[in-house]
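Read off the chains here:
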Amino acid sequence: MSLVLAGLFVLFLLMGLPIAIVIGAATMTALNLGDVPLMVVPQQMFAGLNSFALVAVPMFVLAGDIMAQGEISKRLVAFADSMIGFIRGGLSIVSVLAGMFFAAISGSGAATTAAVGASLVPELKRKGYDPASAASLIAAAGTIGVVIPPSVPMIIYAVIAQVSVKELFLAGLIPGIAMGVGLIFIALIQGYRRAYEPGTPLSLRVIVRTFLSASWGLMAPLIILGGIFSGIFTPSEAAVIAVNYAIFISFFVYRDLTLKQFYRIVMKAGVTTAVILFVIASSSVLSWALASWQVPNAIAAFALSISSNTYILLILIMMLILLTGVFLETASALIILTPMLLPLAAQLGIGSIHFGIIIVVGLAIGMVTPPVAINLFVASSITNLPVERIARAVLPYLAMLIVVYLLIAFIPMFL
């Protein structure tokens, strides 16, 4: 039945059906052929969504969309530029720092790419930066959006693996910063190699002015993460606070959001959330079927029969994660891979929190690897450049992200 399920999955995927339909239809057909009562399907779909932690998903999506729409992202970019812009290629570094700032607010790679790109692309073009390279860097920096907490994929993983969202968020901080440092290193090399002109002159007055202007935005991650890590509120409660804070800033502080725009943002966030939750519900049935057929145990036994070396098997797991991220959207890949690979990781002595960071970072890298490279498509829509051109320019940044990925997997100090 596992082979039937795999065959149906590939067939429906080649037919171009949406991934949630592919997962649900393939699983239901396989269960029906295996004489399993189809009453299991709605039961498992409901069970997969019956988690308080998932309340955070629509809230973080909405908070990120609100903050990406208005002045918050622009003011964060201006503050970063006032501190770093004087360096040769400084705007490239600003792109990464702005991505890291926004990652601590949005929890989404696409939202981070869109917010930073919309604010920085015009300035990068005006300063003579290579458009494709600039767009690729912003897309690569967007991958940090799902690693630095809060992170929607981490919440999904925590629900599936039954681990603490708070611990997973805490473990994502250093890996996210490491990814940012790696991208800054490549950006500096590119800046000196292409002889980019220094940007904004260093001025204490400008730094203070932009800091005060961006202070409301800078407080957002402090409130969200500080509240979670101090135990004042849960991640789900933090998500609701993030939405209220974003509404307060946009309507009453910066006054850059209208009711009409707010309605569109809510509708867009609702559609995004519906897609994510539909994928989770369909994948819950798939996870139940795989567990019933003992597929995870079979995969673990097969892997251990190939080699008993932990490092070799971990590299194979990482390659599978990266390859899956190339062809599947992050949430879908996460929900499919976690129940299959988590038992194997446990047998290799890899903790569930560590493995959660490994799988989230690996799938985040998939956001800049075509064909399903959502960050590249977002960057393409902002810059009006062909995706193929941006994909070629992203290769140096992609290589650095893979290097950091290896460090995160094999060096415990990165957690």
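As shown above, the structure is provided for reference.
The rules behind these values
- Residues numbered from 1 in each chain as written.
- Predicted model: local features only at pLDDT ≥ 70, side-chain atom pairs only at ≥ 80, totals over all residues.
- Heavy atoms only, no water.
- Helix = DSSP H or I, 4+ residues; strand = E, 2+ residues; numbered from the N terminus.
- Buried < 20%, exposed > 50% of the residue type's maximum accessible area, 1.4 Å probe, protein only.
- Contact = heavy atoms within 4.5 Å.
- Areas by Shrake-Rupley, 256 points an atom, 1.4 Å probe, with all protein chains shown as cover.
- Core = buried A, V, L, I, M, F, W, Y, C linked by side-chain atoms within 4.5 Å.
- Axes fitted to C-alpha atoms, helices over the stretch in contact; angles between N-to-C directions.
- Parallel < 35°, antiparallel > 145°, perpendicular 65-115°, else oblique.
- Left-handed = near helix turned anticlockwise from the far one by under 90°.
- Nonpolar A, V, L, I, M, F, W, Y, C, P; charged D, E, K, R; others polar.
- Expected span 1.5 Å × (residues − 1).
- Bend = angle between axes of the 7 residues up to and from the residue.
- Phe/Tyr/Trp six-rings, centres within 6.5 Å; stacked < 30°, edge-to-face > 60°.

### Structural notes on the overall build of the protein chain
Then, in step 1: Looking only at helices and strands, the protein chain features 20 helices and 0 strands.
Then, in step 2: Dimensions of the protein chain, computed from the C-alpha atoms along their principal axes, are close to 70 × 45 × 40 Å.
Then, in step 3: Burial analysis of the protein chain (415 residues in total) assigns 55% to the buried set.
Then, in step 4: Of the contacts made within the protein chain by residues no fewer than 6 positions apart, 79% connect residues no fewer than 24 positions apart.
Then, in step 5: Carbon and sulfur atoms make up 70% of the accessible area of the protein chain, which totals about 17400 Å².

### Comments concerning the nonpolar core
Then, in step 1: Core analysis: the largest hydrophobic core is formed by 151 residues, its most contacted members being Tyr157, Leu183, Ile321, Phe355, Ile359 and Leu376.
Then, in step 2: Setting aside residues no more than four positions away along its own chain, Phe355 makes contact with Tyr157, Ile317, Leu341, Leu342, Ala345 and Ile350.
Then, in step 3: Leu31, Val36, Val40 and Val41 belong to the second largest nonpolar core, which has 6 residues in total.

### A closer look at the environment of Ile228
Then, in step 1: On the secondary structure map, Ile228 appears in helix H11 (residues 204-230).
Then, in step 2: Put simply, Ile228 and Ala331 are 103 residues apart on the chain and 23 Å apart in space, counted from C-alpha to C-alpha.
Then, in step 3: What Ile228 contacts, discounting residues up to four positions off in sequence, is Lys166, Phe169, Phe233, Thr234, Pro235 and Ala238.

### With respect to the packing of helix H5 (residues 71-84) against helix H7 (residues 109-126)
For any two helices packed against each other, the geometry comes down to the angle between their axes and how far apart the axes lie.
Then, in step 1: Running from N to C, H5 and H7 cross one another at 60°; their axes reach a closest spacing of 9 Å. Classified by the angle their axes make, H5 and H7 are oblique. Judged by the twist between their axes, the crossing of H5 over H7 is right-handed. Packed against H5, whose contacting residues are Ser73, Lys74 and Val77, the element H7 presents Ala115, Ser119 and Leu120 at the interface.
Then, in step 2: Broken down by class, the residue content of the contact of H5 with H7 amounts to 3 nonpolar, 2 polar and 1 charged.

### Some thoughts on helix H16 (residues 330-347)
Then, in step 1: Spanning 18 residues, H16 covers 25 Å between terminal C-alpha atoms, matching the ideal 26 Å at 1.5 Å per step.
Then, in step 2: At Thr338, H16 is bent by approximately 45°, the largest bend along its length, and proline Pro339 sits one to four residues beyond.
Then, in step 3: Within H16, 15 of the 18 residues are buried, leaving the element largely enclosed by the surrounding structure.
Then, in step 4: A positive phi of about 85° marks Gly349, the residue just after H16.

### Examining the packing of helix H8 (residues 131-142) against helix H10 (residues 165-193)
Then, in step 1: The interhelical angle for the contact between H8 and H10, taken along N-to-C directions, is 170°, at an axis separation of 11 Å. The pairing of H8 with H10 is recorded here as roughly antiparallel in orientation. Only Leu183, Ala187 and Gln190 of H10 make contact with H8, whose side of the interface consists of Ser133, Leu137, Ala140 and Ala141.
Then, in step 2: Grouping the amino acids of the contact of H8 with H10 by side-chain chemistry returns 5 nonpolar, 2 polar and no charged.

### Points about the packing of aromatic side chains
Given two aromatic rings, one states the distance between the centres and the angle between the planes to describe the pair.
Then, in step 1: A complete count under the given rule lists 6 aromatic pairs for this structure.
Then, in step 2: Aromatic pair Phe251 and Phe262: ring centres 5.6 Å apart, planes at 75°, arrangement edge-to-face. Remark: Phe262 occurs in helix H13 (residues 259-292) and Phe251 occurs in helix H12 (residues 235-253); sequence separation between them is 11 residues.
Then, in step 3: An aromatic cluster is present here, built from Trp216, Phe248, Phe251, Phe252 and Phe262 joined pairwise through their rings.

### Things to note about helix H2 (residues 19-33)
Then, in step 1: Between its terminal C-alpha atoms H2 stretches 21 Å, which fits the 21 Å expected from 15 residues at 1.5 Å a residue.
Then, in step 2: Here H2 has its buried residues at Ile19, Ala20, Val22, Ile23, Gly24, Ala26, Thr27, Ala30 and Leu31.
Then, in step 3: Of the surrounding elements, those touching the buried residues of H2 are helix H1 (2-14), helix H3 (40-49), H13 and H16.
Then, in step 4: At the C-terminal side of H2, Asp35 shows a positive phi close to 60°.

### Concerning the environment of Met179
Then, in step 1: In this structure, Met179 sits in helix H10.
Then, in step 2: In the structure, Met179 is positioned 218 residues away from Tyr397 in sequence and 9.8 Å away in space, judged by C-alpha atoms.
Then, in step 3: Setting aside its immediate chain neighbours within four residues, Met179 contacts Thr143, Ile144, Val147, Val361, Leu401 and Val404.

### Description of unusual backbone geometry
Then, in step 1: In the segment running from Pro149 into Pro150, the intervening peptide bond is cis, with an omega of 0°.
Then, in step 2: You can see Pro150 is positioned in the loop between H8 and helix H9 (152-161).
Then, in step 3: In the Ramachandran plot, Arg255 falls in the positive-phi region, its phi being about 55° despite a non-glycine side chain.
Then, in step 4: As for its position among the elements, Arg255 is in the loop between H12 and H13.
Then, in step 5: With a phi close to 60°, Asn384 is a non-glycine residue in the positive phi region.
Then, in step 6: Relative to the helices and strands, Asn384 resides in the loop between helix H18 (374-383) and helix H19 (387-393).
Then, in step 7: In this structure Asn384 comes out as exposed when scored by relative accessible area, which is 67%.

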